[in-house]
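Residues per chain are reported as follows:
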Amino acid sequence: MHGFVRKPRSQRESELLEASARLLPAAVTASSFSPEHAMVVESAQGCRIRDASGNEYIDYLMGSGPLLLGHAHPAVVEAVRQRAELGSSYLLVNENAIELAQGIVDTVPCAEKVCFNNSGSESTFFALRIARAFTGREKCLKFEGAFHGMNDYALMGNQWTSPPVDFPHPVPNSAGIPRAVQEQVLIGPWNDLETTEKIIEAHADELAAIIVEPMQRTFPPAPGFLEGLRDLTHRHGIVLIFDEVVTGFRLALGGAQEYYGVVPDLAAVCKGIASGYPISVLCGRSDMMDLADPRHLAQGDHVRMTGTFSGGSIACAAALATLGELRKEGVYPGLFAQGRKLMEGLGRSLTRSGIPHQITGEPPAFQPWFSAEVVTNFRQAITADPAMGARFSALLVDHGILKAHEKFFISTAHGDDEIEQTLAVFDAVADLLAQAG
Ligand SMILES: Cc1ncc(COP(=O)(O)O)c(C=O)c1O
């Protein structure tokens, strides 16, 4: 791997990239990297991913997190193959969905009832809708820098390119978000309980929900922060929502709520559950989730949240197979051990080359920052050197390692060989970064 030489872009890949730019305005594959490093994926297996020019990379992008078992895990592929022969979409409930719901209730601490959706953005959106219906209040509070997906309520205060404004004012991070929605969102400072408490107390009567990534991006909660939010939400009758789209099944089988020991009222869980098949889960307290039961129609507090593809049997089959693998002995210790080796090794390489840095996160998902100062939230993170971060990611690609500009995602498919190869690349890339200044 250290001898990896990236093949030049083939004619075919160039043509595909041109077509993608012409046809797909939000082409994910093209926009994640600089034009020079854009690629079209040909296939992926385990922790390896191949582009259309014949380059094979060790993958730490991992589809932005869902591939906890690696790409195309045999148990998942087999489950999907078997299920596909039995039809794809019924709208009606099916046995896989019921079995999966039971699996989630058995593993996720807050889960008494379950609803299936198709994406993280949908589940956070529905969680906020339930909270508003349950409390009869309209506002929600989210934290600066947190990402809860693409719905209009979520897409505020998280654009890493907008300059910070005073709390609790929201900055919409997309054109097209109605002002009326913006007026319903408050922004708090992550890991600053004192300021957050003041905002909550000033708006307690209007606040339906606090939505939080329990590990925000890669910033773990400060000691007592999640517990403090739990106390405040209990005290003021506010629904506490954990966005576990990334942390669910990644930090532990029961997600961040198990890992950090704080149980929310509702949780959106998505990426870790189905090895890349489109399903997400909204789960939580029965008295809140039950508002989705049509029997509430008569009472006027029915929350509508169904969808054509929700709980589809193929995605549920993928999720059941994934859950079966994740339940096996040694999975989480293995995931943490590999991640820890990488976190520590990256730190060693950067220190040896004299590059100021911080590494944040937990071993299954972490991220380097090129900053001499401690980074625990968005405001500190924007003082880090983004150009160095982009150079680092680009150099990794040139050395056969794929990651996005943000996190390293570890999977059970990352074996000792790949970890050793990656550590050698860290040394080489740290040297190059230091030479470039
Ligand atoms: C914490 C978090 N919440 C929500 C989402 C949105 O999920 P989706 O892309 O499935 O809509 C993401 C996506 O990256 C996320 O990281």
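The structure under discussion appears in the preceding block.
This text gives an overview of the structure that appears in the document. Note that this is a predicted model, so its numbers are computed, not measured. (Residues numbered from 1 in each chain as written. Predicted model: local features only at pLDDT ≥ 70, side-chain atom pairs only at ≥ 80, totals over all residues. Heavy atoms only, no water.)

**Regarding the pattern of salt bridges**
Opposite charge on two side chains allows them to pair when their charged atoms are near.
(1) Moving on: Applying the stated criterion across every chain, the model contains 23 salt bridges.
(2) Moving on: One salt bridge connects D293 with R295, and the closest N-O pair in it is separated by 2.7 Å.
(3) Moving on: A single salt-bridge network, built from bridges that share partners, covers R48, R50, E56 and E418. (Salt bridge = Lys/Arg side-chain N within 4 Å of Asp/Glu carboxyl O.)

**Considering the packing of helix α12 (residues 331-352) against helix α15 (residues 416-436)**
(1) Moving on: In contact at an axis separation of 8 Å, α12 and α15 are set at 20 degrees when each is read in the N-to-C sense. Here α15 runs roughly parallel to α12, going by the angle between their axes. Relative to α15, α12 is oriented so that their crossing is right-handed. Between α12 and α15, the contacting residues are Q338, K341, L342, G345, L346, S349, L350 and R352 on the first element and D416, I419, T422, L423, F426, D427, A430, D431 and L433 on the second.
(2) Moving on: Each residue belonging to the contact of α12 with α15 can be placed in one class, and the counts come to eight nonpolar, four polar and five charged. (Axes fitted to C-alpha atoms, helices over the stretch in contact; angles between N-to-C directions. Helix = DSSP H or I, 4+ residues; strand = E, 2+ residues; numbered from the N terminus. Parallel < 35°, antiparallel > 145°, perpendicular 65-115°, else oblique. Left-handed = near helix turned anticlockwise from the far one by under 90°. Contact = heavy atoms within 4.5 Å. Nonpolar A, V, L, I, M, F, W, Y, C, P; charged D, E, K, R; others polar.)

**Let's talk about the nonpolar core**
(1) Moving on: Ranked by internal contacts, the top residues of the largest apolar core, which has 89 residues, are L100, I104, F249, C283, F392, F408 and L433.
(2) Moving on: For this core, the element with the highest residue contribution is helix α11 (residues 313-326), accounting for nine residues.
(3) Moving on: If we skip the residues at most four places from it in the chain, I104 touches A111, V114, F116, F249, V281 and C283.
(4) Moving on: If you look at the next biggest cluster of nonpolar residues, it comprises 26 residues, including I177, V181, M289 and L291. (Core = buried A, V, L, I, M, F, W, Y, C linked by side-chain atoms within 4.5 Å. Buried < 20%, exposed > 50% of the residue type's maximum accessible area, 1.4 Å probe, protein only.)

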